[in-house]
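Listed below are the residues making up each chain.
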Amino acid sequence: MKLALEKKHELFREEVRAFLAEKLPPELAEAGRLTTSSFSEPQHNLPWLKILNEKGWAAPHWPKEYGGPGWDEMQKYIFSSECAKAGTPPLSPMGLQMVGPCIMGYGTEEQKAYYLPRILSGEDYWCQGYSEPGSGSDLASLQMRAVSDGDDYILNGSKIWTTQAHHANKMFCLVRTSTDGKPQQGITFLLLDMNTPGIRVEPIITMAGEHEVNQVFFDDVRVPKSGRLGEEDDGWTVAKYLLEFERGGGSSAGIEAALERVRIMAHAEAGSDGKPLASDPAFKRRFSDTKIALEAITVTEQRVASALAGGKNPGAASSMLKTARTEMMQRIDTLGIEAAGLYGNVEQMAARQPGSNVEPVGPAHSLTAMPRYLNNRAASIYGGSNEVQRNVMAKLLLGL
Ligand SMILES: Cc1cc2nc3c(=O)[nH]c(=O)nc-3n(C[C@H](O)[C@H](O)[C@H](O)COP(=O)(O)OP(=O)(O)OC[C@H]3O[C@@H](n4cnc5c(N)ncnc54)[C@H](O)[C@@H]3O)c2cc1C
């Protein structure tokens, strides 16, 4: 199924293409191409955010009153699709897609006026402090304490798997302010400064050999109560709202670009019989099945997006899209490894490190096939594991 574009959307697509051709510097496009995580490093995504912000295009999903461009759903889709094709460095979702909408929904006027422009400009770079050792899927069991002391809370405990905490100057986090009642009660949502004394960030190196996640330790960290989002002990409401944006936000444009990379590799690679992999009927069938399934996700996404156009939150559809997209990504990565063949090896991972003198071999896209595969194993875990998303769907949609 192909959705035909109306004339105004065709013109918009031309405008986006012209903007990307003029404003995306080659070194940022190269960095975007080499990004194997769900978003790039700040030295690449922040300069790109600045360029977008100057144009007023930094936050396609934000309402106009807070600095969004006022696009309809098709324009947002076209924009993300063209960015993915051009290889723009993926922006961090932590501010723009996650805490930003929560500040709009639950923040005071003062918090909105302070934080939202700083997200758009990149002045604040956010990380997410939800998970703790022993509290991931069962998030409501979190233990990190915040004890009230005058105008401040004093925090003790630790957060884990905190993506890019080593780059962030701000964290949004969940803390326990009370142990009375159900575990969901007594949780408070806080916005805090990562430079506050008593915070220590320790790296965790992933199996792809990258430093992306961390454990963050809090030792008598004093956080002003003015950084609280929503009411004390009612942070669970904000947390759930945010998770819907985390899981349901974005689009599959990046996944389409990933499938296109596989297509290019499969045509370039010569198999043992000298023929490209793309000529193998079994591979062609797997590739076509994947493409059809991806189109079904894209159409579902657009259906969900138009239902949300009125500004409603995504609800259970976010669990469905999160599960479908991450499993699709992993399916494409597996095809990618097949297409990259011997080139998707550890030597290639070394070659993509800045300053490495290992020469890349094989088609350019094979360079990132293995790191992508390894990184995306985490996609069905982060943002809430897919098993847990299936539980959510069973409960909310099937009434089980
Ligand atoms: C790369 C990466 C980046 C991350 N970034 C962040 C971040 O920036 N901030 C943050 O706060 N967190 C982050 N996380 C943490 C992530 O949200 C958790 O890993 C996730 O929620 C799973 O929790 P857990 O690791 O404690 O696993 P567990 O909850 O211990 O789960 C272990 C296994 O049991 C299964 N399981 C658990 N409960 C159920 C159930 N009820 N029914 C069926 N199966 C179940 C799970 O699906 C999983 O397979 C990140 C994780 C990864 C891998």
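Residues numbered from 1 in each chain as written. Predicted model: local features only at pLDDT ≥ 70, side-chain atom pairs only at ≥ 80, totals over all residues. Heavy atoms only, no water.

Undergrad: Can you lay out the pattern of salt bridges for me, pointing to particular residues and giving the numbers?
TA: Per the stated rule, a full pass over the model turns up 21 salt bridges. A salt bridge links E301 to R325; the nearest nitrogen and oxygen atoms lie 2.7 Å apart. Note that E301 is positioned in helix α9 (residues 281-308) and R325 in helix α10 (residues 317-340), a separation of 24 residues in sequence. Of the two residues examined, E301 and R325, each falls in the buried class. Notably, a salt bridge pairs R390 with E327, separated by 3.0 Å at the nearest N-O pair. Residue R390 is located in helix α13 (residues 386-396), and its partner E327 is located in helix α10; the two are separated by 63 residues in the primary sequence. If you follow the salt bridges from partner to partner, you end up with E14, R17, E82 and K85 in one network. (Salt bridge = Lys/Arg side-chain N within 4 Å of Asp/Glu carboxyl O. Helix = DSSP H or I, 4+ residues; strand = E, 2+ residues; numbered from the N terminus. Buried < 20%, exposed > 50% of the residue type's maximum accessible area, 1.4 Å probe, protein only.)

Undergrad: Got a sec to walk through the nonpolar core? Specific residues and values, please.
TA: Judged by nonpolar contacts, the single largest core of 68 residues is most densely connected at L155, F172 and F189. Sort the elements by how many residues they give to this core and helix α5 (residues 93-106) lands first, with 7 residues. Other than its neighbours up to four places away in sequence, L155 contacts M144, R145, A146, V175, L190, L192, F218, D219, D220, V221 and V223. Formed by 19 residues, the second largest nonpolar core is a distinct cluster that contains I255, L277, F287 and L294. (Core = buried A, V, L, I, M, F, W, Y, C linked by side-chain atoms within 4.5 Å. Contact = heavy atoms within 4.5 Å.)

Undergrad: An account of the pairing of strand β3 (residues 152-160) is requested, with residue identities and associated values reported.
TA: Two strands pair when backbone bridges link them, and strand β2 (residues 145-149) and β3 are joined in this way by 5 bridges, in the antiparallel orientation. Along β3, the bridge assignment pairs R145 with N156. Between β2 and β3, which follow one another and run antiparallel, lie 2 residues, and G150 among them has a positive phi close to 65°. Note that β3 and strand β7 (residues 211-224) share 8 bridges and pair antiparallel. Looking at β7, one finds that S158 is bridged to F217. (Pairing = 2+ DSSP bridges.)

Undergrad: Can you explain the site of the ligand? Please cite residues and give values.
TA: Around the ligand, a shell composed of 18 residues is seen, among which S137, W161, T163, S385 and E387 lie nearest. Interatomic distance of 2.7 Å between a side-chain N/O atom of E387 and an oxygen atom of the ligand. Between N391 and the ligand, the recorded distance is 3.0 Å, taken from a side-chain N or O atom to a nitrogen atom. Protein burial of the ligand: of its 970 Å² of free accessible surface, 64% is covered by the chains. At 3 residues, α13 tops the list of elements feeding residues into the shell around the ligand. Split by residue class, the shell around the ligand holds 8 nonpolar, 9 polar and 1 charged. (Near = heavy atom within 4 Å. Polar contact = N/O pair within 3.5 Å; in protein donor to acceptor, adjacent residues only side chain to side chain. Areas by Shrake-Rupley, 256 points an atom, 1.4 Å probe, with all protein chains shown as cover. Nonpolar A, V, L, I, M, F, W, Y, C, P; charged D, E, K, R; others polar.)

Undergrad: Account for the pairing of strand β1 (residues 126-129), with residues named and values stated.
TA: Burial along β1 is two-sided: W126 and Q128 facing one way and C127 and G129 facing the other are all buried. Across 4 bridges, β1 lies against strand β4 (residues 170-176) in parallel orientation. Paired with Q128 across the strands is F172, a residue of β4.

Undergrad: Please set out α5 residue by residue, giving values where relevant.
TA: Taking 1.5 Å of rise per residue, the 14 residues of α5 would be expected to cover 20 Å, and the 18 Å separating its terminal C-alpha atoms lies within 8% of that figure. Among the 14 residues that make up α5, 11 are buried, leaving the element largely enclosed by the rest of the structure. Between the side-chain oxygen of the N-cap and the backbone nitrogen of M94 there are 3.2 Å, and the N-cap of α5 in question is S92. (Expected span 1.5 Å × (residues − 1).)

Undergrad: Tell me about helix α12 (residues 366-376), residues and numbers included.
TA: Counting buried positions along α12 yields 9 of 11 residues, so the element is predominantly enclosed. Residues of α12 that are buried: S366, L367, T368, A369, P371, R372, L374, N375 and N376.

Undergrad: I'd like a description of the packing of helix α4 (residues 73-86) against helix α8 (residues 253-268), backed by residues and values.
TA: Relative to each other, α4 and α8 sit at 35°, their axes nearing to 8 Å. As α4 packs across α8, the resulting crossing turns out to be right-handed. On α8, the residues touching Y77, S80, S81 and A84 of α4 are A253, G254, E256 and A257. Broken down by class, the residue content of the contact of α4 with α8 amounts to 4 nonpolar, 3 polar and 1 charged. (Axes fitted to C-alpha atoms, helices over the stretch in contact; angles between N-to-C directions. Left-handed = near helix turned anticlockwise from the far one by under 90°.)

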